[in-house]
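Commentary on secondary and tertiary structure
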Amino acid sequence: MLRTIIWFGHFALTLVATLPKISKVRKMKEQGKDQEVETYVHNITTKWARSQVKWSGADVRLYGEENLPTPDETVLYIANHQSYFDILSCHNAIDMPLGFMSKDNIKDIPLLYKYMDDIGCTYLDRTDLKKGLETILQTADIIKSGHSMMIFPEGTRNKGDELLPFKDGAFKIAQKAGCLIIPVAICGTDKCMEANKHNFLHSSKVVIEFLEPVDIRGLKPKERKEVLDAIPGKIQ
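Attention in this report is confined to the structure presented alongside it. (Residues numbered from 1 in each chain as written. Predicted model: local features only at pLDDT ≥ 70, side-chain atom pairs only at ≥ 80, totals over all residues. Heavy atoms only, no water.)

**Some remarks on helix 1 (residues 2-17)**
In plain terms, the rule: What counts as a helix is a DSSP run of H or I of at least four residues, what counts as a strand is a run of E of at least two, and both are numbered from the N terminus. To estimate how far a helix should reach, multiply one less than its number of residues by 1.5 Å. Exposed residues in this analysis have more than 50% of their type's maximum accessible area, buried residues have under 20%, and partly exposed residues fall in between, with area computed by a 1.4 Å probe over protein chains only. Working definition: the arc comes from the directions between the helix axis and the C-beta atoms, pointing outward to the latter.
Taking 1.5 Å of rise per residue, 16 residues should cover 22 Å, and helix 1 covers 22 Å from first to last C-alpha, within 8% of that figure. For helix 1, the complete set of buried residues consists of Thr4, Trp7, His10, Phe11 and Leu15. On an axial view of helix 1, the arc spanned by its buried residues comes to 130 degrees, and they lie on one face. Across from the buried face of helix 1, at angles greater than 90 degrees, the exposed residues are Leu2, Ile5, Leu13 and Ala17.

Here's what the structure looks like:
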């Protein structure tokens, strides 16, 4: 229980402490310093995510780092979803600018969504098909602009051992963006909090494995479907 109280206190205080940095980002954007903004935001958000993971007691192990893209490559990461700690752990593990597609209710958390805006996140309204399509296209455009994204195509946190069915939106993004897909298998983040009684934090071993990139560019529809349908099995 003490770890939980300390972690949430640290989470809240460090968010508030970033307010001056958020203001600085706004000024840099007004001055048209887009490249500087991306580097600055990446540095401060990565340090912030790293501190959250450290204070949670999670022991994060990375595998398959040879499958990560070079700094000049833009990709779509597709991962399974176990916990709120998935985003923190992956943001800490991938040392390059990275945005996430999130459910739109994340905006209910004060200040956090401002961070997410600055790293290029998009917000999916699952109750509105038209808005959902707009978010898919927006995410694809962000990737085409040179900014990698991560999506959790199960659509919600999975509380079981088997993957939930993948939504088609993730694959549509890859098709629209014309980019490589890097499947990501995450294990153990749920044991940091969600799998525990009363959601109390516990130290946990977290494994993140980056699988071999999947290239669907130039494939015929039938071939593309076969390749995409195989991705959940690789992550499982």
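Having seen it, we continue.
**Here's the deal with the environment of Pro97**
Formally: A contact between two residues is defined here by any heavy atoms of the two lying within 4.5 Å.
With respect to the secondary-structure elements, Pro97 resides in the loop between helix 4 (85-93) and strand 3 (98-103). Each C-alpha atom, one on Pro97 and one on Met149, is 8.7 Å from the other, the two residues being 52 residues apart in sequence. Dropping the residues within four chain positions of it, Pro97 is found in contact with Glu38, His42, His147 and Ser148.

**Some remarks on the packing of aromatic side chains**
In plain terms, the rule: A pair of Phe, Tyr and Trp rings is counted when the ring centres sit within 6.5 Å of each other, with Trp represented by its six-membered ring. The angle between the planes then sorts it: under 30 degrees is stacked, over 60 is edge-to-face, the rest tilted.
According to the stated counting rule, one finds six aromatic pairs in the structure shown. A centroid spacing of 5.4 Å and a plane angle of 55 degrees characterise the contact between Phe11 and Trp48, whose relative ring orientation is tilted. A residue pair is termed long-range when its members are at least 10 positions apart, and Phe11 in helix 1 and Trp48 in helix 3 (residues 34-56) qualify at 37 residues. Measuring from ring centre to ring centre gives 6.4 Å for Tyr77 and Phe210, while their planes differ by 65 degrees; the resulting arrangement is edge-to-face. One end of the pair, Tyr77, is in strand 2 (residues 75-79); the other, Phe210, is in strand 7 (residues 205-210), and 133 residues separate them in sequence. The class for Tyr77 is buried, based on a relative accessible area of 0%. Counting every residue linked through ring pairs, the aromatic cluster contains Trp7, Phe8, Phe11, Trp48 and Phe85.

**Description of the pattern of salt bridges**
The following threshold applies: Whenever Lys or Arg places a side-chain nitrogen within 4 Å of a carboxyl oxygen from Asp or Glu, that contact is recorded as a salt bridge.
Under the criterion given, the structure shown has six salt bridges. For Arg26, the salt bridge is made with Asp118, and the minimal N-O distance between the two is 2.8 Å. Here the residue Arg26 occupies a position in helix 2 (residues 19-30), and Asp118 occupies one in helix 5 (residues 112-118), the gap between them amounting to 92 residues. Since its relative accessible area comes to 12%, Asp118 is described here as buried. The partner of Asp229 in a salt bridge is Lys225, with the nearest N and O atoms 2.7 Å apart. In this pair, Asp229 and Lys225 both sit in helix 8 (residues 221-229), four residues apart, roughly one turn of the helix. Several salt bridges share partner residues, and in doing so they unite Arg26, Lys29 and Asp118 into one network.

Interpretation in functional terms is not warranted from these geometric data alone.
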